[in-house]
Each structure stands twice: as structure tokens, then as C-alpha cells.
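# Breakdown of the fold
One-letter residues, chain by chain:
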Amino acid sequence: MNKPASPEWIVLVPGIYMPGLSLAVLARRLRKAGFQCRIFSYPSLRVSVDENAARLYRSVQTLNAATVHYVGHSLGGIVIRHLMARHSASLPAGHTVTLGTPHTGSKVARKLQQHHLGWLLGRSREHGLLGDLPDWPRARALGSLAGVYRYGLGRLLAPLDFPHDGTVEVAETVCPEATDRICLPVNHTSLLLDAQTAWQIIFFLRNRRFDHSMGSTAAKC
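Computed from a predicted structure; not experimentally measured.

Rules behind the numbers
- Residues numbered from 1 in each chain as written.
- Predicted model: local features only at pLDDT ≥ 70, side-chain atom pairs only at ≥ 80, totals over all residues.
- Heavy atoms only, no water.
- Phe/Tyr/Trp six-rings, centres within 6.5 Å; stacked < 30°, edge-to-face > 60°.
- Buried < 20%, exposed > 50% of the residue type's maximum accessible area, 1.4 Å probe, protein only.
- Lys NZ or Arg CZ within 6 Å of the ring centre and 35° of its normal.
- Core = buried A, V, L, I, M, F, W, Y, C linked by side-chain atoms within 4.5 Å.
- Helix = DSSP H or I, 4+ residues; strand = E, 2+ residues; numbered from the N terminus.
- Axes fitted to C-alpha atoms, helices over the stretch in contact; angles between N-to-C directions.
- Parallel < 35°, antiparallel > 145°, perpendicular 65-115°, else oblique.
- Left-handed = near helix turned anticlockwise from the far one by under 90°.
- Contact = heavy atoms within 4.5 Å.
- Nonpolar A, V, L, I, M, F, W, Y, C, P; charged D, E, K, R; others polar.
- Polar contact = N/O pair within 3.5 Å; in protein donor to acceptor, adjacent residues only side chain to side chain.
- Patch = residues over 30% accessible without salt bridge, like charges linked within 9 Å, V, L, I, M, F, W, Y side chains within 5 Å.
- Areas by Shrake-Rupley, 256 points an atom, 1.4 Å probe, with all protein chains shown as cover.
- Salt bridge = Lys/Arg side-chain N within 4 Å of Asp/Glu carboxyl O.

This part is about the packing of aromatic side chains. Remark: the centre distance and the inter-plane angle together describe each pair of aromatic rings, the angle taken between the planes. Per the counting criterion, the structure on display carries three aromatic pairs. With centroids separated by 5.9 Å and ring planes inclined at 10°, the aromatic side chains of Phe40 and Tyr42 adopt a geometry described as stacked. Relative to Phe210, the ring of Phe204 has its centre 4.9 Å away and its plane inclined at 40°; by these criteria the two rings are tilted. For Phe204, a relative accessible area of 0% puts it in the buried group. Over the ring of Phe162 we find Arg150; its NZ or CZ atom is 5.1 Å from the centre of that ring.

Dropping the structure here:
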């Protein structure tokens, strides 16, 4: 008798200041699509991005799964990027989608640093929100999803160039090694709540590309 197929896991990683609970709605939608989900919570301020990536690696090891995908919101995508830079070869097969992740660094973070308020971001600045990130391994499929609804607290802290999601510019979400990119009409926070986000994640994890057939609601960016 054949053994049942091993379930595909998705590890979801929240952004700075965000509790794991912020990913509950998205996780529920992904579970309905047949994925097993684990939300990885981490101390985003007092521990470096690199050490949080090491913690994430240890967490993934406990899954004992053949396929593990990753979804990271904002800083969470940077944590995943460090994970892949260090451990890609020893991790299970799987793809990654980042949601509003500033792969080139965050203008808002740099503005806070400039005005001596960088302490508000803790150790997430080091090889993180200020930039200077490790390269993404090209053998791993990466989808970068960005929002273009321009209302959010970030625009009160720094002048953002349109298009942006109220916190992160679309230009900041560009990773040269990314397999595909797409923009949705949502802001930085609602990336986690909008049903279109869940659909695009599911589509990318199954096809290694986003669904660009959605017309005016989604556009390659």
C-alpha cells in the first residue's frame, strides 16, 4: 500500500512589531487550499536578523517535511532571505513569496536612522531594513508581491515615491534574483488580509509565477 503524500508546509514569518496572530487570516486561507501552516514568531527588535534566521532554520528542521514553502511579510521576508543565503542547500524543497518586503532597504528606516530614531527599529536595522542584504540563491523560486494602495503610517515618516503601499515603495521590493513580481491594490498591512494576496501566494507556490490574468486588479511591476 502506498504511503499518503507528505503535506506541503508553509512557514509564515511576520514583519517588525507584528505578532504571529497578524498572519492568522492568511494562514486560514492557505490551509483551506490544502497547505499545512506554521507561523514563526520572533523577537524582531532585540535579536539580529541573522540570529532570527538561525532560529527559523531550527524551527523548519522540526517539521521533518519534504516540501516547505515560505511567506514573509516586510521584515519577515528579509529574515527568510538570510535563511536562504545560509542554509538553502540543506533545506527542503520549496518556494518563497515576500509581501511588501524592502529587498533594497527601507526609506522609512533610513529616515528614522537619520533623525536618531533608529533605536525604534532595534537590531532589525543590521543587514536588514537599512539594506546590505545577502544575495538570493537563484536555485530557489522567489515571488515578490507589493502593494500600491498608498495609505499608511510610513508616508508620515518619510516622503515615499509612488507607487508605494503607505510604508514601502514598490521599487524597494525589487530583488534582482526574483522569479516573478506583481502588485496588488492594497496597503502594507492589508497585504495580510486581502483575499487576492492569498490567491497569488497559492498560485505562485504551485506554478512558480503569479497569476497575471487578473486584469486591472493585478499587474506585473
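Now that the structure has been shown, we can carry on.
Moving on to the nonpolar core. One finds Val11, Val13, Leu56, Val68 and Tyr70 to be the most contacted residues of the largest nonpolar core, which totals 33 residues. Looking at this core, the elements with two or more residues in it are strand 1 (9-13), helix 2 (49-61), strand 3 (68-73), helix 3 (75-87) and helix 4 (107-114). Per-element accounting of this core gives the leading share, six residues, to helix 3. Membership of the second largest hydrophobic core comes to 24 residues, among which are Leu23, Cys37, Val71 and Leu192.

Moving on: the packing of helix 1 (residues 24-32) against helix 6 (residues 195-207). Axis separation between helix 1 and helix 6 bottoms out at 10 Å; the angle between their running directions is 45°. For the element pair helix 1 / helix 6, the angle class is oblique. The chirality of how helix 1 crosses helix 6 is right-handed. Between helix 1, through Leu26, Arg29 and Leu30, and helix 6, the contact on the second element is made entirely by Ala195, Ala198, Ile201 and Ile202. Per-class residue counts for the contact of helix 1 with helix 6 are six nonpolar, no polar and one charged.

Another aspect to go through is the side chain of His69. By secondary structure assignment, the location of His69 is in strand 3. A polar contact of 2.6 Å, which involves the side chain of His69, links it to the side chain of Glu8.

With that settled, consider a nonpolar patch on the surface. A cluster of nonpolar side chains, Tyr17, Leu45, Leu117, Trp119 and Leu120, forms an exposed patch at the surface whose accessible area comes to about 490 Å². Inspection of the secondary structure puts Tyr17 in the loop between strand 1 and helix 1.

Most peptide bonds are trans, and most residues other than glycine sit at a negative phi. With an omega of 5°, the peptide bond between Phe162 and Pro163 qualifies as cis. Inspection of the secondary structure puts Pro163 in the loop between helix 5 (154-157) and strand 6 (180-184). In this structure, Tyr17 is a non-glycine residue whose phi angle is positive, near 70°. Even without being a glycine, Asn64 presents a positive backbone phi close to 50°. Topologically, Asn64 is positioned in the loop between helix 2 and strand 3.

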